[in-house]
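If you want the building blocks of each chain, they are given just below.
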Protein chains: 2
Amino acid sequence: MDKVDAEARKRAAAILREKLIPLIKDLKAGEPLKLVIPKRTLSNTMLDPEKGILILKDEKLERHLLDAGEARRFMQTILMASIIYQALVENEYPTIRDLYYRGKHTLQYRDLEGKVREENTWDEQQESDAVLRDIEVMTNLLREEMLILSKEKGKMVGDMRIRSGPDVIDLSKLGHGAYAIESTPDFIEFLDYNAEFVLVVEKDAVFQQLHRIGFWRQYKCLLITGAGQPDRATRRLVRRLNEELGLPVYVLTDSDPYGWNIYSVFKVGSITLSYESERLATPKARFLGVSMTDIFGDKKKKPYLTEEERKNFIIKAKDEDIKRAQDLQKYSWFQTPKWKKEIDLFLEKRAKLEIEALVGKGLKFLAYKYLPEKIQTGDWIE
Amino acid sequence: MDKVDAEARKRAAAILREKLIPLIKDLKAGEPLKLVIPKRTLSNTMLDPEKGILILKDEKLERHLLDAGEARRFMQTILMASIIYQALVENEYPTIRDLYYRGKHTLQYRDLEGKVREENTWDEQQESDAVLRDIEVMTNLLREEMLILSKEKGKMVGDMRIRSGPDVIDLSKLGHGAYAIESTPDFIEFLDYNAEFVLVVEKDAVFQQLHRIGFWRQYKCLLITGAGQPDRATRRLVRRLNEELGLPVYVLTDSDPYGWNIYSVFKVGSITLSYESERLATPKARFLGVSMTDIFGDKKKKPYLTEEERKNFIIKAKDEDIKRAQDLQKYSWFQTPKWKKEIDLFLEKRAKLEIEALVGKGLKFLAYKYLPEKIQTGDWIE
């Protein structure tokens, strides 16, 4: 048995008991049953100006068993909590998909006229996911802290030792491979390291290239990829590296609204899941590039691409890219002068660029010129 | 500089020179230039009955520079070969995406009337990928042997030590994390191991669960996931474990045509890229499940699911699933009696099942009952 996991189980089970045992007391006392849950609505979400992350405000909702409109959701919440509790005490490791299956069944009951009726606990995973989120905000436990696992695609290498489960892993001794980030990055213990910053690369292929050429060794960094839209574990790990070790975090994405959105997810969190961002977002993350001024230059800066290269490498933005950029403009954290310039330039030029186009100029150009120069001259957007 | 990579570079560069220097001689001698390339067409593809993998037959095509219909493709092939060669000698690590960018530019030439005309080397990555494949079959070098990297999503854990690049990695000491498989698995050296079989799991989330519960330790296996459709590196690594170490390989997928197709890719290879399968396919791979008889049982076997569980867990097949199953029926390796029964049962019941539904019965059910029982009783399909 894994000691770290065993302690996490105890803690999560205790919090679940603390939140739900009062219901049993109310039931015995003949009181009407209700759950009190922080609201996860947009109107109850705000950007904390100090921390720079999305957080939930104070509004709470009450869910009453004896309200016909709420009884089903009440039942679902209790069902989910009991499945999670059972998994915790039985040393199981469910995923959100199998939580759905674990709970999916048909309830029989008699209606007021005595007729037998049937109702499914839930039909779609959307329903079970929603009550899982309710339990996360109700307990203030991330699902990972309840030992709920998920598909992970993040990777990391660098001159650092970590403890994960019972093992010490040297992230500088993984050959051409990498450390596939675990589902529960809160349980990772950072031991010693020799690194001055974290470089997060959107694309796995570029991560492979920079790793293979020894970028992290030469420039003393921890190299991470989220392989596209980052999963929760990658975001949580990046946040911890920034917050606990004080390492600056630079994000390298394609030069397009999709890339900006990935940066935004690392920095601020997902707008629909704001309750997570208090733990998962890295408000100090810096957008290193590829920026529109890298492509086109500006008054103070020579572009990294020649006109010939721009002709060959630039991809014309589609209408959906334009629309996405206009959506991003509405977010307050994209309303700084630098971001305004970036997005305006995109809308004017209607031009996208992939990181791979920069590598098209040579991996050494990316690794030994572009990246170090951008970092050394402070050429990033916050 | 990585010694393993340096040797691979030398070897690949030598083979490229050997294949292409004759062209220079022909040019100097005033001979018309041509390339001879094995045909990658379906009609030149066959299932090798002995090896059980798709291979190319002997047909070759000639590509002539002085044939107006072939000149462009000839140019593209030479361009790609020269970019790869340059990357090899300059210690670069290109990806197929940046090979596309490295070569993308506009050629100017004068037509017969002396007018200046322009032509792009290539417009879409499809074109550069196609000539890369031509070079792979022409040189009999997989792209990875030419140090061309790619996005990778495969992972592995187990009681095994490997050498990758300059490092020795203990795959049993990765905590809750895993070894993210490197782009060039041919360069991995297997050191010692204590394992009796390889279990390949379609889904990363299930891999995480089995890893976390210690399945590989208890049942002495190497645990691998390709995270959906497996990439080349995962397939090559699985093949090497089977061929070089003689470890039986079991594949666990969802019970549906998509899962069967993943098994098929591991076993036989991709039908459109048959030239790869000689190196990437594992013809002895066994389909462990989830099988239709696991769900419904048969004369000799009790089903693993109760009727109530079937009602809750089964997903109704869509028309596209039916179509895909009918397509798979046409492949000769799905025409064995066991596969025929499997697919017929699917078409009759129109039922799909996810692995997660089995985990819905408890991860311990999957890990300590279903998997070991299936392996011990030989209940797989070949």
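Being a predicted model, the structure only gives us computed values, none of them experimental. Just so you know, the residues in each chain are numbered from 1, in the order the chain's sequence is written. Each chain is given a letter, starting from A, and each ligand a number, starting from 1, according to the order in which they appear as written. Note on the predicted model: pLDDT of at least 70 is required for a residue's local features to be given, and 80 or more for side-chain atom pairs to be given and counted; whole-chain, interface and lining totals, by contrast, use all residues. To get the side-chain values, take all heavy atoms of the structure and skip hydrogens and water.

Caption draft 1: Geometry of the packing of aromatic side chains. Within 6.5 Å between ring centres, the rings of Phe, Tyr and Trp (the latter by its six-membered ring) count as paired, and their orientation is classed by plane angle as stacked under 30 degrees, edge-to-face over 60, tilted in between. Inspection of every chain in the model, using the stated rule, returns 32 aromatic pairs over all chains. For the ring pair A:Tyr304 and A:Tyr370, a centre distance of 4.9 Å and an interplane angle of 75° mean the geometry is edge-to-face. Note that A:Tyr304 is positioned in the loop between α10 (292–296) and α11 (307–313) and A:Tyr370 in helix α15 (residues 363–376), a separation of 66 residues in sequence. For the pair formed by A:Tyr304 and A:Tyr370, the shared burial category is buried. Through successive ring pairs, a cluster of aromatic residues spans A:Trp260, A:Tyr263, A:Phe287, A:Tyr331, A:Trp333, A:Phe334, A:Trp339 and A:Phe346. Geometrically, a lysine NZ or arginine CZ counts as sitting over a ring once it is within 6 Å of the ring centre and also within 35 degrees of the ring normal. The positively charged end of A:Lys349 is found above the aromatic ring belonging to A:Phe296, 4.7 Å away from the centroid. Above the plane of the ring of B:Phe365 lies B:Lys361, whose end atom (NZ or CZ) is 4.7 Å from the centre. Each helix is a run of H or I in the DSSP string that is no shorter than four residues. Each strand is a run of E no shorter than two, and both are numbered from the N terminus. Here the term buried applies to any residue with accessible area under 20% of the maximum for its type, exposed to any over 50%, and partly exposed to those in between, with areas from a 1.4 Å probe on protein chains only.

Caption draft 2: The arrangement of the nonpolar core in detail. Counting 232 residues, the largest nonpolar core has A:Leu199, A:Leu210, B:Leu199 and B:Leu210 as the members making the most contacts within it. Here a residue-residue contact requires only that any non-hydrogen atoms of the pair lie within 4.5 Å. Apart from the residues lying within four places of it in its own chain, the contact partners of B:Leu199 are B:Leu210, B:Phe215, B:Cys221, B:Leu222, B:Leu223, B:Ile224, B:Tyr250, B:Leu252, B:Leu288 and B:Leu371. Buried Ala, Val, Leu, Ile, Met, Phe, Trp, Tyr and Cys residues that are joined via side-chain atoms within 4.5 Å together make up what is termed a nonpolar core.

Caption draft 3: Expanded view of the confidence of the model for chain A. Scored from 0 to 100, pLDDT reflects the predictor's confidence in each residue. Mean pLDDT over chain A: 94, with 99% of residues reaching 70 or higher. Interface predicted TM-score (ipTM) for the complex: 0.94; the corresponding pTM is 0.94.

Caption draft 4: The domain arrangement of chain A, seen in detail. Residue and element names in this part refer to chain A. Domain boundaries shown here were taken from an automatic or database domain assignment. By the assigned domains, chain A splits into domain 1 (3–146) and domain 2 (155–376). Facing the 21 residues of domain 1 at the interface are 23 residues of domain 2. Two parts placed together each lose some accessible area under a 1.4 Å probe, and the buried area is that loss summed for both. Both faces combined, the contact of domain 1 with domain 2 buries some 1,900 Å², and carbon together with sulfur accounts for 64% of it. Area buried by domain 1 at its contact with domain 2 is led by Leu54, Leu142 and Glu144, which between them contribute 34% of it.

Caption draft 5: Structural detail: the pairing of strand β9 (residues 167–170) of chain A. All names here are of chain A. Alternating positions in β9 separate cleanly, Asp167 and Ile169 being buried on one face and Val168 and Asp170 remaining unburied on the opposite face. Strand pairing follows a simple DSSP-based rule, namely that at least 2 bridges must link the two strands. Across 4 bridges, the pairing between strand β8 (residues 160–164) and β9 is antiparallel. The residue bridging arginine 161 from the neighbouring strand is aspartate 170, located in β9. In textbook terms, the turn of a hairpin is the stretch between consecutive antiparallel strands, and for β8 and β9 this stretch comprises 2 residues, one of which, glycine 165, has a positive phi near 55°.

Caption draft 6: Looking closely at the relation of the copies chain A and chain B. In this comparison the copies share one frame, found by least squares on the C-alpha atoms of residues holding pLDDT of at least 70 in both. When chain A is fitted to chain B, the best match, at an RMSD of 0.0 Å, comes from turning it 180° and sliding it 0.0 Å along the axis. Viewed as a symmetry operation, the transformation between the two copies matches a two-fold axis.

Caption draft 7: Examining the interface of chain A and chain B more closely. Contacts between the two partners involve 59 residues from chain A and, on the opposite side, 59 residues from chain B. The term salt bridge refers to a pairing of a side-chain nitrogen on Lys or Arg with a carboxyl oxygen on Asp or Glu at a separation within 4 Å. At the surface where chain A touches chain B, the tally comes to 6 salt bridges. What qualifies as a polar contact is a pair of N or O atoms within 3.5 Å, subject to a donor-acceptor requirement within protein and to the restriction that residues adjacent in sequence count only when both atoms come from side chains. Summed over the shared surface of chain A and chain B, the number is 42 residue pairs in polar contact (both at pLDDT 80 or more). Residue assignment for the side of chain A that touches chain B shows that the elements contributing at least two residues are α3 (96–103), β9, β10 (178–180), α5 (204–212), α11, α14 (355–359) and α15 of chain A. At 5 residues, α5(A) tops the list of elements feeding residues into the side of chain A that touches chain B. All amino acids are sorted into three groups, where Ala, Val, Leu, Ile, Met, Phe, Trp, Tyr, Cys and Pro are nonpolar, Asp, Glu, Lys and Arg are charged, and the leftover types, Gly among them, are polar. Of the residues assigned to the side of chain A that touches chain B, the class counts are 19 nonpolar, 18 polar and 22 charged. One ladder, built from 3 bridges, connects β10(A) with strand β10 (residues 178–180) of chain B; its direction is antiparallel. Each residue of the ladder has a partner; that of A:Tyr179, found in β10(B), is B:Tyr179.

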